Amino acid sequence: MSADPWPEGIGRRLLAEVDSTNAEAARLAASGAGPCWILAGFQTGGRGRRGRPWVSPRGNFHATLLLHPEGPPDRVALLSFAVALALREALAGLTGLPQVFALKWPNDVLLNGGKMAGILLESVGQGRGVAHLAIGIGVNLIAAPDPGAVEPGALRPVSVLEETGLRIAPEALLDALAPALARWQARLETEGFAPLRAEWLAHAARLGEPIRARTGTAERQGIFEGIDAQGALILRTAAGVDTIPAAEVFF
Ligand SMILES: O=C(O)CCCC[C@@H]1SC[C@@H]2NC(=O)N[C@@H]21
C-alpha cells in the first residue's frame, strides 16, 4: 500500500526543539506564514487543554497544523472531528490494528480504552471569522505520562509502543496524518458535517452506555446517545434529552 501524497499547498517545518508547536504556529501566523505543519522532536512547554501541561518527550509526536480557515467559528470548530477521524485512520493504517482505536467526544482518540493522544485547537478571531487556527496534536508514540500525574477519573494514559509493541516514527505519522486530515477537511467543506458525523459515530467509544459530562462545576450523568448535526453531545438523563455543546466527558 503506497502512502497518500503530501497535501498540495501545505508547508512542512521540522524543528528539533520548540516551546510549543501551537505557540510556534501563532508566531508564524503573526509573521504572515501560510498553511503549514510544524513537527517538533521535543517541546519544552507543551500545553494541553484547560491550561494543563503536556509532557512531550523525544520519540512522541508533537505537531501543529496552521490554517487560515474560511467560515464562521462554529463551522471551523467542526474541524476538530476531522482531526480525530484523520488521526484514528492514520494510526489504524500504520499499526494495522484498526480495532484497538476508538473515539471519545469531542476529539480524543483512545487506544485500548486509554488516552494515547490529545488535540488542542487554538484560534485567533478576525471580525466574525477565524484569522488563524492552530490544530495541535500530541500522540504518546513511545511513552505515556505517569498515571499518578493525571487527574482523578481521567483515562489511563497509554502509549502506542507499550500497548502494541510497535514503534512508529513521528515523521511517518505526519506523512500519514497530513493527507488524511486534508481529505476529511475537504469532505467537510464539500459535503458538510454529515459524513464526518457518521464515521465518528461508527468508531465512538461507549455509545449507548452511561457516561458523565462535566461543564464547569456541574456534572450530568446519562446515556451517551450520539452527537447532533452541530457536533454537540446528546445525553439522555433522567430529566430528558440534553444537547451539550461543550463539556469534559468521563467514563
Ligand atoms: O490536553 C489535551 O488532550 C491536548 C493536548 C495537546 C498537545 C499537543 S502536542 C502538540 C501541540 N503543541 C502543544 O503545546 N500542544 C499540542
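All values reported here derive from a predicted model rather than from experimental measurement. (Residues numbered from 1 in each chain as written. Predicted model: local features only at pLDDT ≥ 70, side-chain atom pairs only at ≥ 80, totals over all residues. Heavy atoms only, no water.)

*Asks:* It is not clear to me how the nonpolar core should be interpreted in this structure. Could you clarify?
*Replies:* The nonpolar side chains of a soluble globular protein tend to be buried with one another. Core analysis: the largest hydrophobic core is formed by 59 residues, its most contacted members being Trp37, Phe61, Leu87, Met116, Ile137 and Val139. Among the elements that make up this core, the one with the highest residue count is helix α3 (residues 79–95) (11 residues). Domain assignment of the residues forming this core places at least three in each of domain 1 (11–202) and domain 2 (210–250). Residues in contact with isoleucine 137, not counting those within four places in the same chain, are Trp37, Phe61, His62, Ala63, Val83, Leu87, Gly118, Ile119 and Leu177. Counting residues in each nonpolar core, the second largest holds 8 residues, with Ala25, Ala29, Ala33 and Cys36 among its members. (Core = buried A, V, L, I, M, F, W, Y, C linked by side-chain atoms within 4.5 Å. Buried < 20%, exposed > 50% of the residue type's maximum accessible area, 1.4 Å probe, protein only. Helix = DSSP H or I, 4+ residues; strand = E, 2+ residues; numbered from the N terminus. Domains from an automatic or database assignment. Contact = heavy atoms within 4.5 Å.)

*Asks:* How do you make sense of empty space enclosed by the protein when you look at a structure like this?
*Replies:* The gaps left among the atoms become clear once a water-sized probe is rolled over them. Per the counting criterion, the structure on display carries 1 cavity of 30 Å³ or more. Of the volumes computed, that of the largest cavity is approximately 40 Å³. Taken together, Leu103, Lys104, Trp105, Ala205, Ile211, Phe224, Leu233, Val249 and Phe251 form the lining of the largest cavity. Residues of the lining of the largest cavity, tallied by class, amount to 8 nonpolar, no polar and 1 charged. Counting the residues that make up the lining of the largest cavity, at least three belong to each of domain 1 (11–202) and domain 2 (210–250). (1 Å grid on protein atoms, 1.4 Å probe; cavity = no way out; pocket = protein on both sides within 12 Å on 5 of 7 lines; lining within 4 Å. Points joined across faces, edges and corners; volume = space filled by probe spheres on them. Nonpolar A, V, L, I, M, F, W, Y, C, P; charged D, E, K, R; others polar.)

*Asks:* Explain the confidence of the model for the protein here, please?
*Replies:* Reading fine detail from the predicted coordinates is not recommended where pLDDT is low. On average, residues of the protein score 94 in pLDDT, and 99% of them are at 70 or above. For this predicted complex, the interface confidence reaches an ipTM of 0.99, while the overall pTM sits at 0.95. (pLDDT = per-residue confidence, 0-100.)

*Asks:* I'm lost on the pattern of salt bridges in this one. Help?
*Replies:* A pair can form between side chains of opposite charge whenever their charged atoms are brought close. For the structure shown, the criterion picks out 18 salt bridges. Between aspartate 19 and arginine 27 there is a salt bridge; the shortest N-O distance is 2.9 Å. The exposure class of aspartate 19 is partly exposed, given its relative accessible area of 30%. By relative accessible area, arginine 27 is classed as partly exposed at 40%. Close ionic contact of arginine 214 with glutamate 219 constitutes a salt bridge, the shortest N to O distance being 3.1 Å. (Salt bridge = Lys/Arg side-chain N within 4 Å of Asp/Glu carboxyl O.)

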